[in-house]
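# Tertiary structure, described
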Amino acid sequence: MGATRRDLVGWSAMAAAGLAFAAARAEAPARKLRILILGGTGFTGPHQVRYALARGHKVTLFNRGRQPHEWPGEVEELIGDRNTGDLKVLEGREWDVCIDNPTTLPFWVRDAGHVLSGKVGQYVFISTISVYAANDKPADETAAVLPYAGKDPMAETQDTLKASQGELYGPLKAISEQEAARQFPGKTTVIRPGLIVGPGDETDRFTYWPVRLSRGGEVLAPGDGTDPVQFVDARDLAEWTIRMAEARTLGVFNATGPARALTMRAMLD
């Protein structure tokens, strides 16, 4: 029987977990941080939590408590709901850094700012390369972002986002970046990942390929093989995000790879 997506993801995770933990322990950070992660139980969040713990940091999660996880260390978990503005448990607390993982809606950033402004030393907003206005050529961090054409970005909700069939995703992420800069002036790091792959990915956008190729036979692939492709492993993204917090690196950064040019044919090979 051929390998399944779950098999390959599971083997990959188990093989890497011990090595990653040992590597994280090998070089202790200059100082231990109090890290607040908004979300933390989705795709990249658990990798951030595990790496932060391995580095000796103190981790607090804030989410709705609907996706419980077992952690390899002590993690404080606070329950609230950003959809309803319920952030009361964050009031009166301070952290060295806040990592905002799941946000697309600008009012989520605004509300976080109302509670956390002056209470965190660095605000890391996980955005996306989908904010760019054009995708027909490589874009650096200074490239134009998509404009928002609606009436009020703060009035957008999960329902209106879904109803737009993805059209609002890039513009609202761009507005969220701008709101982050307003709420946390001089303290903001914006990370714009490309396609994120690896353990925990439920989209099948990347994992389809190794599973399909492992089954052999003729494989249909798009284009003529020369199209450029990029992606970033969720574990690499998570570890780099924690390192950016340790160094308190501010600014806007694309996060994708590999460093060399990669074509569709080369990836499949």
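Notes on the structure follow. Only a predicted model underlies this, so the values are computations on that prediction, with no experimental measurement involved.

Where helix α2 (residues 45–54) meets helix α7 (residues 234–246), the closest approach of the two axes is 8 Å, and the angle between their N-to-C directions is 50°. Of the possible angle classes, the one that applies to α2 and α7 is oblique. Relative to α7, the crossing made by α2 is right-handed. Contacts between α2 and α7 pair His47, Gln48, Tyr51 and Ala52 from the former with Ala234, Arg235, Ala238, Glu239, Thr241, Ile242 and Arg243 from the latter.

Helix length check: helix α5 (residues 169–183), at 15 residues, gives a terminal C-alpha distance of 21 Å against a target of 21 Å (1.5 Å per residue), a fit within 8%. Extensive coverage of α5 is indicated by the burial of 11 of its 15 residues. Listing the buried residues of α5 in full gives Gly170, Pro171, Leu172, Lys173, Ala174, Ile175, Ser176, Glu177, Glu179, Ala180 and Gln183. Residues of α5 that are buried sit in contact with α3 (106–116), β5 (120–126), α4 (158–163) and β6 (188–193).

Time to look at unusual backbone geometry. Look at the link from Gly257 to Pro258: it is a cis peptide, with omega at 0°. Structurally, Pro258 can be placed in the loop between β9 (251–255) and α8 (264–268). A positive phi angle, near 55°, is found at Gln165, a position not held by glycine. Topologically, Gln165 is positioned in the loop between α4 and α5.

Here we come to the side chain of Thr128. For Thr128, the location among the structural elements is in the loop between β5 and α4. By relative accessible area, which is 6% here, Thr128 ends up buried. Only 2.9 Å separates the side chain of Thr128 from the backbone nitrogen of Ser130, close enough to count as a polar contact. Leaving out residues up to four positions away in the same chain, Thr128 has contacts with Tyr169, Lys173, Ile191, Arg192 and Pro193.

Before going further, it helps to examine the environment of Asp236. With respect to the helices and strands, the residue Asp236 is situated in helix α7. Under the relative-accessibility criterion, Asp236 is labelled partly exposed at 48%. C-alpha of Asp236 to C-alpha of Ala247: the two residues are 11 residues apart in sequence and 16 Å apart in space.

With that settled, the discussion passes to the side chain of His47. Assignment of secondary structure puts His47 in helix α2. Among all residues touching His47, those that are not within four sequence positions of it are Pro199, Ala234, Arg235 and Ala238.

The rules behind these values
- Residues numbered from 1 in each chain as written.
- Predicted model: local features only at pLDDT ≥ 70, side-chain atom pairs only at ≥ 80, totals over all residues.
- Heavy atoms only, no water.
- Axes fitted to C-alpha atoms, helices over the stretch in contact; angles between N-to-C directions.
- Helix = DSSP H or I, 4+ residues; strand = E, 2+ residues; numbered from the N terminus.
- Parallel < 35°, antiparallel > 145°, perpendicular 65-115°, else oblique.
- Left-handed = near helix turned anticlockwise from the far one by under 90°.
- Contact = heavy atoms within 4.5 Å.
- Expected span 1.5 Å × (residues − 1).
- Buried < 20%, exposed > 50% of the residue type's maximum accessible area, 1.4 Å probe, protein only.
- Polar contact = N/O pair within 3.5 Å; in protein donor to acceptor, adjacent residues only side chain to side chain.

Keep in mind these numbers describe shape, not what the thing actually does.
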